[in-house]
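Here are the chains, one letter per residue:
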Amino acid sequence: MAASIAVTANYVLQPPPYALDALEPHMSKQTLEFHWGKHHRAYVDNLKKQVLGTDLEGKPLDHIINKTYNNGDLLPAFNNAAQAWNHEFFWESMKPNGGGKPSGELLALLERDFTSYEKFYEEFNAAAATQFGAGWAWLAYANDKLKVVKTPNAVNPLVLGSFPLLTIDVWEHAYYLDFQNRRPDYIKTFMNNLVSWEAVSARLEAAKVASSSSA
Amino acid sequence: MAIRCVASRKTLAGLKETSSRLIGFRGIQTFTLPDLPYDYGALEPAISGEIMQIHHQKHHQTYVTNYNNALEQLDQAVSKGDASAVVKLQSAIKFNGGGHVNHLIFWKNLAPVKEGGGEPPKGSLGSAIDTHFGSLEGLVKKMSAEGAAVQGSGWVWLGLDKELKKLVVDTTANQDPLVTKGGSLVPLVGIDVWEHAYYLQYKNVRPEYLKNVWKVINWKYASEIYEKECN
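Small disclaimer: the values here were computed from a predicted structure and weren't measured. (Residues numbered from 1 in each chain as written. Chains lettered and ligands numbered in written order. Predicted model: local features only at pLDDT ≥ 70, side-chain atom pairs only at ≥ 80, totals over all residues. Heavy atoms only, no water.)

1. Things to note about the overall build of chain B
Piece 1. If you tally the helices and strands in chain B, you get nine helices and five strands.
Piece 2. When the helices and strands of chain B are placed in sequence order, the string is α-β-β-α-α-α-α-α-β-β-β-α-α-α.
Piece 3. The buried share of chain B, taken over its 231 residues, is 49%.
Piece 4. Within chain B, counting contacts between residues at least 6 apart in sequence, those at least 24 apart form 64% of the total.
Piece 5. Summing over all exposed atoms, chain B offers an accessible surface of approximately 11,600 Å²; the carbon and sulfur share of this is 54%. (Helix = DSSP H or I, 4+ residues; strand = E, 2+ residues; numbered from the N terminus. Buried < 20%, exposed > 50% of the residue type's maximum accessible area, 1.4 Å probe, protein only. Contact = heavy atoms within 4.5 Å. Areas by Shrake-Rupley, 256 points an atom, 1.4 Å probe, with all protein chains shown as cover.)

2. Brief notes about the sheet that holds strand β2 (residues 145-152) of chain A
All names here are of chain A.
Piece 1. Strands sit in the order β2-β1-β3 across an open sheet of three strands; the sheet is antiparallel. Only two strands of the sheet have a single partner each, and these edge strands are β2 and β3 (163-169). Averaged over all pairs of adjacent strands, the angle between their axes in this sheet comes to 25°, without regard to strand direction.
Piece 2. Relative to β3, strand β1 (residues 135-142) runs antiparallel, the two being bridged by six bridges. Note that in β3 the partner of Trp 136 across the bridge is Asp 169.
Piece 3. Most of the contacts of helix α8 (residues 197-213) go to β3, to which it runs at about 150°, and overall it touches β1, β2 and β3. (Pairing = 2+ DSSP bridges. Axes fitted to C-alpha atoms, helices over the stretch in contact; angles between N-to-C directions.)

3. Quick word on the interface of chain B and chain A
Piece 1. Counting residues at the interface gives 17 residues for chain B, matched by 16 residues for chain A.
Piece 2. When the two sides are added together, the surface that chain B and chain A hide from each other amounts to roughly 1,700 Å², 64% of it contributed by carbon and sulfur.
Piece 3. On the chain B side of the interface with chain A, the three residues burying the most area are B:Gln151, B:Glu195 and B:Tyr199, jointly 32% of the side's total.
Piece 4. The tally of links from chain B across to chain A stands at zero salt bridges. (Buried area = accessible area lost by both parts, 1.4 Å probe. Salt bridge = Lys/Arg side-chain N within 4 Å of Asp/Glu carboxyl O.)

4. Details of the UniProt feature "domain: Manganese/iron superoxide dismutase C-terminal" (unreviewed entry) in chain B
Piece 1. Within the UniProt annotation, "domain: Manganese/iron superoxide dismutase C-terminal" (unreviewed entry) is assigned to residues 121-224 of chain B.
Piece 2. Helix makes up 41% of residues 121-224 of chain B and strand 23%, and the two end C-alpha atoms of the span are 10 Å apart. (UniProt positions renumbered as here; feature names shortened; annotations may be inferred.)

5. Describing the environment of A:Asp169
Residue and element names in this part refer to chain A.
Piece 1. Here Asp 169 is to be found in strand β3.
Piece 2. Given a relative accessible area of 0%, Asp 169 falls into the buried group.
Piece 3. Taking the C-alpha atoms as reference points, Asp 169 and Ala 128, separated by 41 residues in sequence, lie 8.3 Å from one another.
Piece 4. Those residues within four positions of Asp 169 in sequence are excluded, and the remaining contacts are His 35, His 87, Phe 90, Gly 135, Trp 136, Ala 174 and Tyr 186.

6. Topic: the environment of B:Lys162
Residue and element names in this part refer to chain B.
Piece 1. Structurally, the position occupied by Lys 162 is in the loop between β3 (154-161) and β4 (166-173).
Piece 2. Taking relative accessible area as the criterion, Lys 162 reaches 40% and is therefore assigned partly exposed.
Piece 3. Considered as a pair, Lys 162 and Val 186 are 24 residues apart in the sequence and their alpha carbons are 7.0 Å apart.

7. Details of helix α2 (residues 61-69) of chain A
All names here are of chain A.
Piece 1. Three or more residues of α2 are buried, namely Leu 61, Asp 62, Ile 64, Ile 65, Thr 68 and Tyr 69. The buried residues of α2 occupy an angular sector of 160° when projected down its axis, which confines them to one face.
Piece 2. Where α2 is buried, its residues touch α1 (29-51) and α3 (78-92).
Piece 3. Just downstream of α2, Asn 70 is the residue with a positive phi angle, here 50°. (Arc of directions from axis to C-beta.)

8. Considering the packing of aromatic side chains
Piece 1. All chains considered together, the criterion is met by 27 aromatic pairs over all chains.
Piece 2. When the ring of A:Phe90 is compared with that of A:Phe190, the centres are 6.2 Å apart and the planes differ by 20°; the resulting orientation is stacked. With A:Phe90 in helix α3 and A:Phe190 in helix α7 (residues 183-193), this pair connects stretches of sequence that are 100 residues apart. Residues A:Phe90 and A:Phe190 agree in their burial class; the two are buried.
Piece 3. Aromatic side chains B:Trp214 and B:Trp219 sit 6.2 Å apart centroid to centroid with 10° between the ring planes, which places their arrangement in the stacked category. Accessibility classification places B:Trp214 together with B:Trp219 in one group, the buried group.
Piece 4. The ring of A:Trp36 has A:Arg41 sitting right over it, with the charged end atom 5.2 Å from the ring centre. (Phe/Tyr/Trp six-rings, centres within 6.5 Å; stacked < 30°, edge-to-face > 60°. Lys NZ or Arg CZ within 6 Å of the ring centre and 35° of its normal.)

Here is the structure:
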């Protein structure tokens with residue numbers, strides 16, 4: 001089972017690590033106000049209500065996610081728990097003036113596992129574009145390999161046994177105000193202008209440590 | 001080998017609105033996006049003209065385009081006897097074919113107020129609703145609650161179970177048509193709860209969209225389907 005990394009919020013709505021208008025013009029302040037201020041906030045608030053008085057109350061978020069994933073036969077609190085986790089991870093996957101190509105070890109690993117950064121870019125784009133309905137696309141790490149994964153609704157790689165490194169939210173609420181139906185434009189903008197490779201590298205380091213200590 | 005004729009557009013023009021056309025030598029039936037029977041702005045203020053235009057011209061059109069592509073690929077795979085390819089295409093067919101089917105119903109489920117949108121159902125459907133749900137308000141409350149509870153993307157439906165001869169409320173995920181929940185289910189009213197159906201106007205407040213959409217629901221169409229299936 002993958003160890004919990006990066007996001008350890010205990011049902012607290014953490015603000016993104018930048019002002020709500022800091023990602024403009026690539027992701028509007030209005031989007032952040034709704035996406036973080038309403039959607040993400042609701043997942044956190046509703047999770048708190050949902051676990052109150054149950055044996056999930058007070059447990060760490062990743063514990064709740066794994067328990068309620070229930071091998072795919074989702075229990076009621078999964079949606080709110082996983083979405084609370086996913087959104088905090090998403091904000092931290094972005095930064096102002098982000099995007100472009102990574103460097104150093106991360107680039108070397110992407111080139112190793114995808115043959116080139118361009119191939120990774122294509123594969124990540126395709127996963128994000130073809131996740132039908134609501135969901136997420138991820139760069140994940142497992143068995144010393146990087147891979148691209150797409151998941152429906154609230155599912156994330158934690159429950160699939162891998163360490164998430166990067167995510168893009170492809171629920172329509174993530175891009176509709178800025179891009180309407182044009183999901184491919186949103187994905188390109190995310191890759192070219194928003195990705196925080198620093199965050200991804202830090203998560204990769206944590207993942208390597210976590211997986212070698214459990215080996 | 002049988003030779004199939006490609007029908008000319010003039011021949012097709014005489015047929016009733018089928019939103020389909022024949023292409024190619026094998027005569028695969030593919031689809032086109034039908035026009036809406038009302039202006040984009042005609043459902044305001046319940047649903048904005050902006051939403052209606054994007055929903056119809058972009059989302060529904062994309063389902064039609066992708067469905068046609070999947071059908072053409074399916075035809076090739078079938079004629080080559082490529083079973084793996086046929087099976088692999090099933091999800092694209094379900095997503096996009098389902099999207100086309102569902103939206104065809106949805107546009108008919110809606111009508112401007114001045115054309116009867118929002119007018120309660122009369123006749124046999126009205127009575128059946130009272131029998132099964134206590135009242136129209138009871139049905140509306142149930143469908144709105146179930147629509148609000150759909151996680152991710154999907155639809156909430158009022159359907160007729162042809163075999164059991166009763167009305168049912170159910171939801172489907174993504175673009176799954178109602179028939180995927182039961183072979184004898186006939187959709188009467190479907191409400192799209194994908195975020196694209198309401199986001200520009202109602203943002204995250206899906207319950208508000210569900211409260212207002214009833215003002216433009218075309219119960220006349222639902223009654224027609226119900227009466228047809230019951231006779």
